[in-house]
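So the chains spell out like this:
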Amino acid sequence: MKKILKITLLLLLPFFAKTQLSNPDSLRNILRNATTDSVRHNTCVELYYNYSEANRDSALFYAEKRLTLAKQNNQKLAEEPK
């Protein structure tokens, strides 16, 4: 039984990897098609968190976009505790 479970997990691994990779793509599509700044801001936050560990350059790019949107709309950003 354990052997069947391991084989099943190995066969499903590419499927799980593909679903994780599609999340940033769908968020980028939402960002591209957003009509309001609040949607753009929230999407940039999600993209930042998606890229924060794996791809720091992309994370900083979306953090900068978020900061620009916040300045444009006179929004205050939440600070993380030190």
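Everything numeric here is computed off the predicted structure, so don't read it as measured data.

Participant: Would you explain the overall build of the chain in this entry?
Facilitator: Each helix and strand in the chain was counted, giving three helices and zero strands. Listing each helix as α and each strand as β along the chain from the N terminus yields α-α-α. For the chain, the proportion of its 82 residues judged to be buried stands at 20%. Surface accessibility of the chain: about 7100 Å² in total, with carbon and sulfur atoms responsible for 58%.

Participant: Looking at this model, I keep getting lost on the packing of helix H2 (residues 37-51) against helix H3 (residues 56-72). Mind explaining?
Facilitator: The relative placement of two packed helices comes down to the angle between their axes together with the axis-to-axis distance. Interhelical geometry of H2 versus H3 gives an angle of 155 degrees and a closest axis separation of 8 Å. Accordingly, the angle class assigned to the pair H2 and H3 is roughly antiparallel. The two elements H2 and H3 meet at a crossing, and its hand is left-handed. Side by side, H2 and H3 meet where Asp37, Arg40, His41, Cys44, Val45, Leu47, Tyr48 and Tyr51 of the first sit next to Arg56, Ser58, Ala59, Tyr62, Ala63, Lys65, Arg66, Leu69 and Gln72 of the second. Tallied by class, the residues present in the contact of H2 with H3 amount to nine nonpolar, three polar and five charged.

Participant: Help me out: how do you make sense of the confidence of the model for the chain in this one?
Facilitator: Any region with low pLDDT has predicted coordinates that should not be read closely. Across the chain, the average pLDDT comes to 77, with 82% of residues at 70 or higher. Taken element by element, the predicted model of the chain shows its lowest mean pLDDT in helix H1 (residues 2-33) (71) and its highest in H3 (87).

Participant: Is there a simple way to explain the packing of aromatic side chains in this structure?
Facilitator: By convention here, two paired aromatic rings are described through the distance between centres and the angle between planes. Throughout the structure, instances matching the rule amount to three aromatic pairs. When the centroid spacing of 5.5 Å and the interplanar angle of 65 degrees are considered together, the rings of Tyr48 and Tyr49 count as edge-to-face. Here Tyr51 and Tyr62 contribute two aromatic rings whose centre-to-centre distance is 6.1 Å and whose plane-to-plane angle is 5 degrees, an arrangement assigned as stacked. Of this pair, Tyr51 sits in helix H2 while Tyr62 is found in helix H3, placing the two residues eleven residues apart along the sequence. Tyr62 matches Tyr51 in its accessibility class, with the two residues each being buried. One aromatic cluster is present, built from ring pairs that chain together Tyr51, Phe61 and Tyr62.

Participant: Would you take a moment to explain the side chain of Thr43 for this structure?
Facilitator: Following the sequence through the fold, Thr43 ends up in helix H2. The class for Thr43 is buried, based on a relative accessible area of 6%. Leave out the neighbours within four places in its chain, and Thr43 touches Leu27, Ile30 and Leu31.

Conventions adopted
Residues numbered from 1 in each chain as written. Predicted model: local features only at pLDDT ≥ 70, side-chain atom pairs only at ≥ 80, totals over all residues. Heavy atoms only, no water. Helix = DSSP H or I, 4+ residues; strand = E, 2+ residues; numbered from the N terminus. Buried < 20%, exposed > 50% of the residue type's maximum accessible area, 1.4 Å probe, protein only. Areas by Shrake-Rupley, 256 points an atom, 1.4 Å probe, with all protein chains shown as cover. Axes fitted to C-alpha atoms, helices over the stretch in contact; angles between N-to-C directions. Parallel < 35°, antiparallel > 145°, perpendicular 65-115°, else oblique. Left-handed = near helix turned anticlockwise from the far one by under 90°. Contact = heavy atoms within 4.5 Å. Nonpolar A, V, L, I, M, F, W, Y, C, P; charged D, E, K, R; others polar. pLDDT = per-residue confidence, 0-100. Phe/Tyr/Trp six-rings, centres within 6.5 Å; stacked < 30°, edge-to-face > 60°.

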